[in-house]
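# Per-entry structural report
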Amino acid sequence: MPESDRLRALLDAGIALSSELSLDGVLQKIVEAAAELTGARYAALGVIDPTGQSLERFVVTGIDEETHAAIGDLPRGGGILGVLIHEATPLRLGDLATHPRSVGFPPNHPPMKTFLGVPIMLRGIAYGNLYLTEKAEAAPFTEEDEELTMLLASQAAVAVENARLYESATRWLRQLESLNEIADALVSEMELPRLLELVAARLRELVCARVVAIGLPAKNGDLVIRAAAGTRADDLVGMRLPAWESKMGRVLERRRSERVDSILDDLEVEREATRRMGARTGLYVPLMLRDRAIGVISAHDKEDADPRFSDEDIRLAETFAARVAVAVDLSERVASDALRRVVAAQELERRRLARELHDETGQALTSILLGLKGVEDARNEEDVRAATAQLRELVVTTLQDVRRLAVELRPKALDDFGLVPALERLAETFGEQTGIQVELEPQLGDGRLPSELETALYRITQEALTNVVKHAQAKSVSIVLTRREGSVTALIEDDGRGFTPGDTREDGLGMVGMQERIALVGGQLTVESSPGGGTTLAVEVPLP
């Protein structure tokens, strides 16, 4: 190639390298430009790993895919390649086989004789080496070839650094986005399983793991895989691991992150779990909350040429683990608070029912016993008939009270026929007992709603009617149920005295209880009221 053409090719190569942001693309362009500039049949570029002792990538040109496959594994930096890694100086040979460090070639490797090796360096840091062999017409590589290749290597070093910086910035941006997503989920997502699934999926993407699992302790001390993402994830969820006979359990006990470069060589690793995962390497990070380990994250098999995880992977996993620990703790607190509120509401309802059973049903039964005594003491047939009629009236009244209490506990119509018949019965009974006119307008169409939605809407309506009796002094109540695409709404309006929404009591069920009940099904409750203007409750629940 004429001198002017070679300089033009070198300039074009520099421009091409500076415009490429993908590291793999940069490496491929470097070897192709080096082969063109020197007339080499084969060119390769080895990228030195962080330890500086071997190659982590090896890019070639001039060898077709069939030959590449026949050769097998790429070189890791032995023989002549190792000389350049450790000495970082140009090496030009007329015959590779004559060098004392030459170890020959693997089977199916094409013959190579002439050789030129040049380090890729920037500010004293070696990024890798360029290897050129088999110059055209079997000629040896010249000093001019070496100088041109050194110039290309200098440009290549800058391009490699820029590509690495770009990939690093892109990677950190993805990590920041994932961390922000997890932070947002912590605020809005109270369902622990869905949050753990999100964390497992995002961490798997960021550390490029084949599978990620999150284990939390069970009551008996064993670890249970609560979420997983990646290969065979469905088979892992629910798996129980003995605390003292598994790597996860040991990491939980020691409360420090651990990296396993070879699963087979670690005696603590639980064989059944790793067999299901098909794992070769592992990364284990405890979930720490105020110096207390509450779970473990494990990642397996980095999807790269080297399946081992790095220190950066550990730091990233620990960052995620800190957020997962907060999520687990928050979820447990919310669940505990919800349980406390449910128990308190149940106890309040039980006290009410007990009071009604004592004050009404108990007294009625006592009256029946006294009535029976009157039948026994009757002196003639007319007295017997009068006492019997009085007893019959008491029994009917008591039966109605018992049925009313049973309906309040769980209306049979709700289970057998659905929400609308149950509300119709509720409205009818409410009107008879209170004298308040109830107008029910159901627009739900054909078909029943999911059971939990029917129960929630029934209980909300029931509580709303109870509040009307207790506080509203209303003459009429309107209940409108509407089914729209993706949701059901209930509008409950009364013409009572109204109230200021901010002045509602927070003890007992009341508005707080209704808010909590509707939140359990993912719905929203809106209250509009003003003194003298009645009250409107608007409920909207999503359809699954």
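Residues numbered from 1 in each chain as written. Predicted model: local features only at pLDDT ≥ 70, side-chain atom pairs only at ≥ 80, totals over all residues. Heavy atoms only, no water.

### Here we look at the sheet that holds strand β3 (residues 91-93)
- Reading across from one edge, β2-β1-β5-β4-β3 is the order of the 5 strands in this open sheet, with antiparallel pairing throughout. One side of each edge strand has no neighbouring strand; the edge strands of this open sheet are β2 (55-61) and β3. Sheet twist, expressed as the average angle between the axes of neighbouring strands with direction ignored, equals 15 degrees.
- Pairing of strand β4 (residues 115-122) with strand β5 (residues 125-135), which is carried by 8 bridges, proceeds in the antiparallel orientation. Each bridged residue has a counterpart across the sheet, and for Pro 119 the counterpart in β5 is Asn 129. (Pairing = 2+ DSSP bridges. Helix = DSSP H or I, 4+ residues; strand = E, 2+ residues; numbered from the N terminus. Axes fitted to C-alpha atoms, helices over the stretch in contact; angles between N-to-C directions.)

### Considerations on the pattern of salt bridges
- Counted by the stated rule, this structure contains 15 salt bridges.
- With a closest N to O distance of 3.0 Å, Glu 146 and Arg 92 form a salt bridge. One end of the pair, Glu 146, is in helix α5 (residues 143-188); the other, Arg 92, is in strand β3, and 54 residues separate them in sequence.
- Its salt-bridge partner being Asp 261, residue Arg 259 comes within 3.9 Å of it at the nearest N-O pair.
- Counted as one network, the salt bridges with shared partners bring together Lys 247, Arg 254, Glu 258, Asp 266 and Glu 268. (Salt bridge = Lys/Arg side-chain N within 4 Å of Asp/Glu carboxyl O.)

### Points about the sheet that holds strand β10 (residues 282-289)
- Taken together, the 6 strands give an open sheet; going across it, the order is β8-β7-β6-β11-β10-β9, and neighbouring strands pair in antiparallel fashion. Looking at which strands have only one partner, the edges of the open sheet turn out to be β8 (240-241) and β9 (258-260).
- Pairing geometry for β10 and strand β11 (residues 292-302), over 8 bridges, is antiparallel. Bridge assignment links Leu 287 to a residue of β11, and that residue is Gly 295.
- Set on the sheet, helix α6 (residues 192-207) makes contact with β6 (209-217), β7 (223-230) and β11; between it and β6 the angle comes to about 145 degrees.
- Sheet contacts for helix α8 (residues 247-254): β6, β7, β8, β9, β10 and β11; angle to β11, the most-contacted strand, approximately 135 degrees. (Contact = heavy atoms within 4.5 Å.)

### Section: unusual backbone geometry
- Despite not being glycine, Glu 134 shows a phi value in the positive range, around 60 degrees.
- Considering the arrangement of structural elements, one finds Glu 134 in strand β5.
- The phi dihedral of Cys 208 is positive, around 55 degrees, even though this residue is not glycine.
- Structurally, the position occupied by Cys 208 is in the loop between α6 and β6.
- Residue classification places Cys 208 among the partly exposed positions, given a relative accessible area of 33%. (Buried < 20%, exposed > 50% of the residue type's maximum accessible area, 1.4 Å probe, protein only.)

### Digging into the side chain of Ser 487
- With respect to the helices and strands, the residue Ser 487 is situated in strand β14 (residues 487-494).
- Here Glu 540 takes part through its side chain, which lies 3.3 Å from a polar atom of the side chain of Ser 487.
- For Ser 487, the contacting residues outside a window of four places in its chain are Thr 482, Glu 540, Val 541, Pro 542 and Leu 543. (Polar contact = N/O pair within 3.5 Å; in protein donor to acceptor, adjacent residues only side chain to side chain.)

### As for the pairing of β2
- With respect to burial, β2 is a largely interior element, 5 of its 7 residues being buried.
- By the bridge criterion, 6 bridges tie strand β1 (residues 40-48) to β2 in an arrangement that is antiparallel. Of the residues in β2, the one forming a bridge with Ala 43 is Thr 61.

### Here we look at the packing of aromatic side chains
- Going through the model one piece at a time under the given rule, you end up with 2 aromatic pairs.
- Their ring planes at 25 degrees and their centres at 6.0 Å tell us that Phe 58 and Tyr 131 sit as a pair that is stacked. Of the two residues, Phe 58 is situated in strand β2 and Tyr 131 in strand β5; the sequence distance between them amounts to 73 residues.
- Classification of Phe 58 by relative accessible area gives buried; the value is 16%.
- The class for Tyr 131 is buried, based on a relative accessible area of 4%.
- Three or more aromatic residues joined by ring pairs form one cluster here, namely Phe 58, Phe 115 and Tyr 131. (Phe/Tyr/Trp six-rings, centres within 6.5 Å; stacked < 30°, edge-to-face > 60°.)

### Brief notes about the nonpolar core
- Leu 419, Leu 457, Val 539 and Val 541 are the most contacted members of the largest nonpolar core, which totals 35 residues.
- Listed by contribution, the elements that provide at least two residues to this core are α13 (419-434), α14 (451-472), β13 (476-484), β14, α15 (510-519) and β16 (535-542).
- The leading source of residues in this core is α14, at 9 residues.
- Apart from the residues lying within four places of it in its own chain, the contact partners of Val 539 are Leu 457, Ile 460, Val 488, Thr 489, Ala 490, Ile 518, Gln 524 and Leu 525. (Core = buried A, V, L, I, M, F, W, Y, C linked by side-chain atoms within 4.5 Å.)

### Here we look at α14
- Counted at 1.5 Å a residue, the expected span for α14 with its 22 residues is 32 Å, and the 30 Å between its end C-alpha atoms agrees.
- One or two positions beyond α14, positive phi appears at Gln 473, with a value near 55 degrees. (Expected span 1.5 Å × (residues − 1).)

### Some details on α8
- For α8, every residue scored as buried is listed here: Lys 247, Met 248, Gly 249, Val 251 and Leu 252.
- Buried residues belonging to α8 abut β6, β7, β8, β9, β10 and β11.
- Arg 255 sits one or two positions beyond α8 and adopts a positive phi of about 60 degrees.

### Quick look at the packing of α13 against α14
- Relative orientation of the contacting elements α13 and α14 amounts to 10 degrees, with a least axis distance of 10 Å. Regarding the angle of α13 to α14, the classification is roughly parallel. Note on packing geometry: the crossing formed by α13 with α14 is right-handed. Contacts from Leu 419, Ala 422, Leu 423, Leu 426, Phe 430 and Thr 434 of α13 reach α14 at Glu 454, Leu 457, Tyr 458, Thr 461, Gln 462, Leu 465 and Val 469.
- A per-class count over the contact of α13 with α14 returns 9 nonpolar, 3 polar and 1 charged. (Parallel < 35°, antiparallel > 145°, perpendicular 65-115°, else oblique. Left-handed = near helix turned anticlockwise from the far one by under 90°. Nonpolar A, V, L, I, M, F, W, Y, C, P; charged D, E, K, R; others polar.)

### What to know about the environment of Tyr 166
- Tracing the chain through its elements places Tyr 166 in helix α5.
- Relative accessible area serves as the criterion here: at 40%, Tyr 166 is assigned to the partly exposed category.
- Sequence separation of Tyr 166 and Ser 22 is 144 residues, and the distance between their C-alpha atoms is 8.1 Å.

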